[in-house]
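One-letter residues, chain by chain:
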Amino acid sequence: TAVRTAARLGATEISNSYTNLEGSYYASDNTYNLPGRVVTAAAGDCGYEDAACLPPTGSANEEGVDFPASSPDVVAVGATSLTTTPSGWQNTLWGMSGSGCSAYFKAQVWQTTLPDWGSLSCGTHRSVVDVSVVGNPDTGLAVYQGTSENVPGGADTPGWVIGGGSSAATAIIAGEFALAGGAHGVAYPARTLYRHAGNGSDFYDVTQGSNTNSVPCPDYLECNAAIGYDAPSGLGAPLGLGAFAVRGAPVSIVPPSIVGSFAIGAVLSARPGKFSNRPKVIRYQWQLNTGNGFSDIPGETLPYLLLTNAYAGGIVQVEVLDRKSVV
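We now turn to the structure provided with this report. What you see is a predicted model, and the numbers here were worked out from it, not measured in a lab.

The rules behind these values
Residues numbered from 1 in each chain as written. Predicted model: local features only at pLDDT ≥ 70, side-chain atom pairs only at ≥ 80, totals over all residues. Heavy atoms only, no water. Helix = DSSP H or I, 4+ residues; strand = E, 2+ residues; numbered from the N terminus. Buried < 20%, exposed > 50% of the residue type's maximum accessible area, 1.4 Å probe, protein only. Contact = heavy atoms within 4.5 Å. Lys, Arg positive; Asp, Glu negative; His and termini not counted. Charge placed at Lys NZ, Arg CZ, Asp CG, Glu CD. Pairing = 2+ DSSP bridges. Patch = residues over 30% accessible without salt bridge, like charges linked within 9 Å, V, L, I, M, F, W, Y side chains within 5 Å. Areas by Shrake-Rupley, 256 points an atom, 1.4 Å probe, with all protein chains shown as cover. Salt bridge = Lys/Arg side-chain N within 4 Å of Asp/Glu carboxyl O. Axes fitted to C-alpha atoms, helices over the stretch in contact; angles between N-to-C directions. Disulfide = S-S within 2.5 Å. Polar contact = N/O pair within 3.5 Å; in protein donor to acceptor, adjacent residues only side chain to side chain. Core = buried A, V, L, I, M, F, W, Y, C linked by side-chain atoms within 4.5 Å. Phe/Tyr/Trp six-rings, centres within 6.5 Å; stacked < 30°, edge-to-face > 60°.

**Some words on the overall build of the protein**
1) Next: When helices and strands are tallied, the protein shows five helices and 22 strands.
2) Next: Within the protein, buried positions represent 47% of all 327 residues.
3) Next: Counted over contacts in the protein with a minimum sequence separation of 6, partners at least 24 positions apart contribute 67%.
4) Next: The distance from the centre of the 15 positive side-chain charges to the centre of the 25 negative ones in the protein is 18 Å.

And the structure:
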């Protein structure tokens, strides 16, 4: 219901940080089939086929990949450990990040045409994951909790907490898609990522780490990070926004900005920044937040905004294409 409501209200990127062991009852579930929107889903935090979280009496038929990450309609996201080394940052596979082959969903063509697809044992079935990014809570992921509620490791007040899991990684990938302009008209945006497969300037190839947790693994690439595509880390970790770019679509290379004084009677001017494949028409939409989130200011679609008393005490931002600059 939440996913469909988000889509109905116009959300262009929908992040899903929950999982359930896939089953035959999900095979006909079309909830996440939302062509033209970015739908990301967490791979889970229990290692290969959820085996690390099975009860001691667990049987083999309780193992498997998680849904909705196993749906071929979504971008399945795994988690890495991000650490520093003398030579710079290093991404390795987080040992609890989920992976495996779907028992119920077929793989999309952009997976089965990978050069190393035949090295996996998924055959014609979906492999989880597509992409990965920092999410190991032990190496730490700073998250700002903006509302008053109980959060892991924090008090019942807003502030910074340390979080993680493939849930956090999933939200990051959805945010990166948004910064890059969304789906750009691509029905299933995972395809866009696979068109950048093997490009070292777009992806950090995660080649170290395992999520087997002492569970037998049918083939190396289903449970271990390796050169090229592998199930636990997917195509790797994105470097910048290049992996989200659609050939020919405008990509923001210098973010927009706002010039002017924030004072009643002053005029703010929007600067669109710079784009590759510069669009013929640049869309502007000024927005106002008075405490309940940003909403469009009706009729304010020019590159400038006259500040009136109606905006006193609020926060103004301008949306330029799909990139935002806030003042």
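Now that the structure has been shown, the text picks up again.
**Section: the pairing of strand β6 (residues 88–93)**
1) Next: The pairing of strand β5 (residues 75–85) with β6 spans six bridges and is classified as antiparallel. Counterpart to threonine 80 in the pairing with β6 is leucine 93.
2) Next: The turn joining β5 and β6, which pair antiparallel and follow one another in sequence, is formed by two residues.

**Remarks on a nonpolar patch on the surface**
1) Next: Residues Val267, Leu302, Tyr304 and Leu306 make up a contiguous nonpolar surface patch of roughly 370 Å² in combined accessible area.
2) Next: Its place among the elements puts valine 267 in strand β16 (residues 267–271).

**Quick notes on the sheet that holds β16**
1) Next: One open sheet accounts for three strands, arranged β15-β16-β20; its pairing is antiparallel. Looking at strand neighbours, the two that pair on one side only are β15 (257–259) and β20 (304–306), the edges of this open sheet. Neighbour-to-neighbour, the strand axes of this sheet turn through a mean angle of 25°, independent of strand direction.
2) Next: Here β16 pairs with β20 via three bridges, running antiparallel.

**Things to note about the state of the cysteines**
1) Next: For the structure on display, the rule yields three disulfides.
2) Next: Residue cysteine 101 pairs covalently with cysteine 122 via a disulfide, S to S 2.0 Å. Where cysteine 101 bonds to cysteine 122 through sulfur, the torsion about that S-S bond is close to -80°, and the disulfide is left-handed. Pair noted here: cysteine 101 is in strand β7 (residues 100–106) and cysteine 122 is in the loop between α2 (109–112) and β8 (125–128), with a separation of 21 residues, a long-range link.
3) Next: The exposure class assigned to cysteine 101 is buried, which follows from its relative accessible area of 14%.
4) Next: When its relative accessible area of 5% is taken as the criterion, cysteine 122 is described as buried.

**Description of the side chain of threonine 170**
1) Next: In this structure, threonine 170 sits in helix α3 (residues 166–179).
2) Next: Within the structure, threonine 170 has its side chain in polar contact with the backbone nitrogen of alanine 42 (distance 3.3 Å).
3) Next: Dropping the residues within four chain positions of it, threonine 170 is found in contact with Ser15, Asn16, Ser17, Thr40, Ala41, Ala42 and Val77.

**A few points about the nonpolar core**
1) Next: The biggest cluster of nonpolar side chains holds 33 residues, and the ones touching the most others in it are Val75, Val131, Ile173, Phe177, Leu193 and Leu235.
2) Next: Elements supplying a minimum of two residues to this core: β5, β9 (131–134), α3 and α4 (190–194).
3) Next: Among the elements that make up this core, the one with the highest residue count is α3 (four residues).
4) Next: Those residues in contact with valine 75 that sit more than four places away from it in its chain are Val39, Thr40, Ala41, Asp130, Val131, Ile173, Phe177, Pro189, Ala190 and Leu193.
5) Next: Of all hydrophobic cores here, the second largest spans 17 residues; its members include Val39, Ala41, Ala69 and Phe105.

**Remarks on the pattern of salt bridges**
1) Next: Tallying each qualifying case throughout the model produces one salt bridge.
2) Next: Between arginine 126 and aspartate 130 there is a salt bridge; the shortest N-O distance is 2.8 Å.
3) Next: Judged by its relative accessible area of 3%, arginine 126 falls in the buried class.
4) Next: When its relative accessible area of 1% is taken as the criterion, aspartate 130 is described as buried.

**Section: the packing of aromatic side chains**
1) Next: Here the structure, examined in full by the defined rule, presents seven aromatic pairs.
2) Next: Seen in terms of ring centroids, tyrosine 32 and phenylalanine 67 are 5.6 Å apart; in terms of plane orientation they differ by 75°. Their pairing is edge-to-face. Linking tyrosine 32 in the loop between β2 (20–21) and β3 (38–42) with phenylalanine 67 in strand β4 (residues 66–67), this pair joins segments that are 35 residues apart in sequence. Neither tyrosine 32 nor phenylalanine 67 differs from the other in exposure class; each is buried.
3) Next: When the ring of phenylalanine 67 is compared with that of phenylalanine 105, the centres are 5.8 Å apart and the planes differ by 15°; the resulting orientation is stacked. Note that phenylalanine 67 is positioned in strand β4 and phenylalanine 105 in strand β7, a separation of 38 residues in sequence. For the residue pair phenylalanine 67 and phenylalanine 105, the accessibility class agrees, reading buried in each case.
4) Next: A network of ring pairs unites the aromatic residues Tyr25, Tyr26, Tyr32, Phe67 and Phe105 as a single cluster.

**Describing the environment of tyrosine 194**
1) Next: Structurally, the position occupied by tyrosine 194 is in helix α4.
2) Next: Separated by 35 residues in the primary sequence, tyrosine 194 and tyrosine 229 place their C-alpha atoms 9.8 Å from one another.
3) Next: Not counting residues up to four positions away in its chain, the partners in contact with tyrosine 194 are Trp110, Gln111, Leu114, Val129, Asp130, Tyr229 and Leu235.

Taken by themselves, the reported measurements are silent on function.
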